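Read off the chains here:
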Amino acid sequence: MADVRPIGPEPVRDPAPRQVWYTSYGSNMCLGRLACYIEGGRPLGTDTLYPGCRDRRLPHRSVPVELGGALYFATRSPVWGGGRAFYDPAAGGRVRARAHLVSASQFADIAAQEMYREPGEDLDLSEVLTSGVARLGSGRYETLVCAGQMDGWPLLTFTAPWTADEVDPVSPSLAYLRVLVSGLLETGAWDADSVAAYIASARGAAPHWSEQAIRDVIA
């Protein structure tokens, strides 16, 4: 099994890093799914075509990490047809994620595509690197979070401006769940039973996705 790095708050000194760890806790844990955001393409099981990043190089490295907080499913994705994964950094627990080492411009372009916008504009990361959180807007993935740093580069992700308790839970679709499971298993850090228990425990997974139901998807 691969080593998992537990990530905690740690100050980041460089206000304009050229590389960042894009830390995905949702479908972009799966490298095949992430490649559609970077190289451009249509993810398997969807009808959405993504333009890709300005910088089309795949991540230099991808490693499993754990963040403090909670995973939950909410809102309804027009791409996947069910609930989306969100990260509540203020909640108790641990979130399993995959950190991809990408350029700062790639992180900006991935964030833009998550909001169904055209990529092409860099993000000012100074606020999130200083305070740990920066709200770019009211959209579902427009709140940036810095979870610390690893090997000298900041770990950045994006989530919603609300907490898990402030929104109705929505179960993920089968297609979305398959990608999440694939991404977690790809890391080599967690086995099938552990992945099933982890996802089933997330707010919004029940009642459709029990541990056994998720095991059946994995099988």
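Quick note: structure is the one above.
In what follows, the accompanying structure is described. Going along each chain's sequence as written, the residues are numbered from 1 onward. The predicted nature of this model means local features are confined to residues of pLDDT at least 70 and side-chain atom pairs, given and counted, to a pLDDT of 80 or more, with totals for whole chains, interfaces and linings taken over all residues. Computation of side-chain values covers all heavy atoms of the structure but excludes hydrogens and water.

Let's talk about the side chain of Arg33
Under the scheme used here, helices are H or I runs from DSSP no shorter than 4 residues and strands are E runs no shorter than 2 residues, and both carry numbers assigned from the N terminus. Among the structural elements, Arg33 can be located in helix H1 (residues 31-38). In this scheme, a residue with accessible area under 20% of its type's maximum is buried, one over 50% is exposed, and one in between is partly exposed, where area comes from a 1.4 Å probe on protein chains only. Charged residues are defined here as Lys and Arg on the positive side and Asp and Glu on the negative side; His and the ends of the chain fall outside this count. A carboxyl oxygen of Asp or Glu within 4 Å of a side-chain nitrogen of Lys or Arg is what we treat as a salt bridge. Despite its burial, Arg33 remains without a salt bridge, the nearest opposite charge being carried by Glu114 at 5.3 Å. Here, two residues are considered to be in contact whenever any of their heavy atoms come within 4.5 Å of each other. The residues contacting Arg33, other than those within four sequence positions of it, are Ser27, Asn28, Pro43, Tyr50, Trp80 and Val179.

Some words on the pairing of strand E6 (residues 94-103)
In terms of burial, E6 is a largely internal element, nine of the 10 residues being buried. Two strands qualify as a pair provided that DSSP identifies no fewer than 2 bridges between them. Examined bridge by bridge, strand E2 (residues 19-24) and E6 share six bridges and lie antiparallel to one another. Note that in E6 the partner of Gln19 across the bridge is Ser103. The pairing of strand E3 (residues 62-68) with E6 spans seven bridges and is antiparallel. Pairing of Ser62 across the sheet is with His100, part of E6.

With respect to the packing of H1 against helix H2 (residues 104-114)
Two packed helices can be described by the angle between their axes and the distance between those axes. For helices, the axis comes from a line fit to the C-alpha atoms of the stretch in contact; other axes are also lines fit to C-alpha atoms, and the angle between any two N-to-C directions lies between 0 and 180 degrees. Across the interface, H1 lies against H2 with an axial gap of 9 Å and an inter-helix angle of 95°. Here H2 runs roughly perpendicular to H1, going by the angle between their axes. Across from Leu34, Cys36, Tyr37 and Ile38 in H1, the residues of H2 making contact are Gln106, Ile110, Gln113 and Glu114. Polar here means any residue other than Ala, Val, Leu, Ile, Met, Phe, Trp, Tyr, Cys and Pro, which are nonpolar, and Asp, Glu, Lys and Arg, which are charged; Gly is therefore polar. Class assignment of the residues belonging to the contact of H1 with H2 gives a composition of five nonpolar, two polar and one charged. An angle below 35 degrees is treated as roughly parallel, one above 145 as roughly antiparallel, one from 65 to 115 as roughly perpendicular, and anything else as oblique.

Describing the pattern of salt bridges
Counted by the stated rule, this structure contains nine salt bridges. Across the pair Glu66 and Arg94 runs a salt bridge, and its minimum N-O distance is 3.9 Å. Placement of Glu66 in strand E3 and of Arg94 in strand E6 is noted, with a sequence separation of 28 residues between them. Residue Arg215 pairs with Asp193 through a salt bridge whose shortest N-O separation is 3.2 Å. In this pair, Arg215 is assigned in helix H6 (residues 211-218) and Asp193 in helix H5 (residues 192-200), connecting sequence segments 22 residues apart. Residue classification places Asp193 among the partly exposed positions, given a relative accessible area of 46%. When salt bridges that share partners are traced, they join Arg54, Asp109 and Asp122 into one network.

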